[in-house]
Amino acid sequence: AITVNEGLEDLEDDILEMIQCLVPATAPYRHARFLDSDGQMAVNAPSHLRGALLGMEVLFPVENGKLVIGGRQTVYFVELDGPLLRNWVVQVMGE
């Protein structure tokens, strides 16, 4: 997931606690089942649901080659199902 918020440690802790409260690590998730397509148990339902809450994209204007972002904003790349090798894409559009 990717998200943007004020980069304060106590706020990061609050966000983590909120996500864990909204999507607990253990619950009777329907996704927690044997997947014939993978030949194994699906154990990452919380990762999928947390990713759905946080999102997979952020948008910022670019001015004079620099991101226009608040002085306290931090971009967070959030690993929910890993560690895994991840790729990210930056797409610049229009003017």
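Preceding this paragraph is the structure being described.
Residues numbered from 1 in each chain as written. Predicted model: local features only at pLDDT ≥ 70, side-chain atom pairs only at ≥ 80, totals over all residues. Heavy atoms only, no water.

Section: the side chain of Asn44
Moving on, step 1. By the secondary structure assignment, Asn44 is in the loop between β3 (40-41) and α2 (45-54).
Moving on, step 2. Once residues within four sequence positions are removed from consideration, Asn44 is found in contact with His31 and Asp81. (Helix = DSSP H or I, 4+ residues; strand = E, 2+ residues; numbered from the N terminus. Contact = heavy atoms within 4.5 Å.)

Looking at the pattern of salt bridges
Moving on, step 1. A complete count under the given rule lists two salt bridges for this structure.
Moving on, step 2. Between Arg72 and Glu6 there is a salt bridge, with its nearest N and O atoms 3.1 Å apart. With Arg72 in the loop between β5 (66-67) and β6 (73-77) and Glu6 in strand β1 (residues 2-6), this residue pair connects regions lying 66 residues apart in the sequence.
Moving on, step 3. The shortest N-O distance in the salt bridge between Glu79 and Arg86 comes to 2.7 Å.
Moving on, step 4. Judged by its relative accessible area of 36%, Glu79 is partly exposed.
Moving on, step 5. Among the residues examined, Arg86 registers a relative accessible area of 46% and is labelled partly exposed. (Salt bridge = Lys/Arg side-chain N within 4 Å of Asp/Glu carboxyl O. Buried < 20%, exposed > 50% of the residue type's maximum accessible area, 1.4 Å probe, protein only.)

Things to note about the environment of Leu53
Moving on, step 1. Among the secondary structure elements, Leu53 is positioned in helix α2.
Moving on, step 2. Here the alpha-carbon distance between Leu53 and Leu67, two residues 14 residues apart in the chain, equals 24 Å.

Some words on unusual backbone geometry
Moving on, step 1. Of note, the bond from Gly82 into Pro83 is cis; its omega dihedral lies within 30 degrees of zero at 20 degrees.
Moving on, step 2. At Asn64, a residue that is not glycine, the phi angle is positive and equals roughly 55 degrees.
Moving on, step 3. Examined against the element boundaries, Asn64 turns out to sit in the loop between β4 (62-63) and β5.
Moving on, step 4. The class of Asn64 is exposed, set by a relative accessible area of 76%.

Considering the layout of surface pockets
Moving on, step 1. Computed from the structure, the largest pocket encloses a volume of approximately 1200 Å³.
Moving on, step 2. If you trace the largest pocket, you find 31 residues lining it, with Ile2, Met56, Glu57, Val58 and Val89 closest to the centre.
Moving on, step 3. Sorting the residues of the lining of the largest pocket by element identifies α2 and β6 as the ones contributing at least two each.
Moving on, step 4. Counting residues per element, the lining of the largest pocket draws most heavily on α2, at three residues.
Moving on, step 5. Looking at the lining of the largest pocket residue by residue, the classes come out as 18 nonpolar, eight polar and five charged.
Moving on, step 6. Within this model, the second largest pocket holds a volume of roughly 310 Å³.
Moving on, step 7. Looking at the lining of the second largest pocket, the elements with two or more residues in it are β1, α1 (9-22), α2 and β6. (1 Å grid on protein atoms, 1.4 Å probe; cavity = no way out; pocket = protein on both sides within 12 Å on 5 of 7 lines; lining within 4 Å. Points joined across faces, edges and corners; volume = space filled by probe spheres on them. Nonpolar A, V, L, I, M, F, W, Y, C, P; charged D, E, K, R; others polar.)

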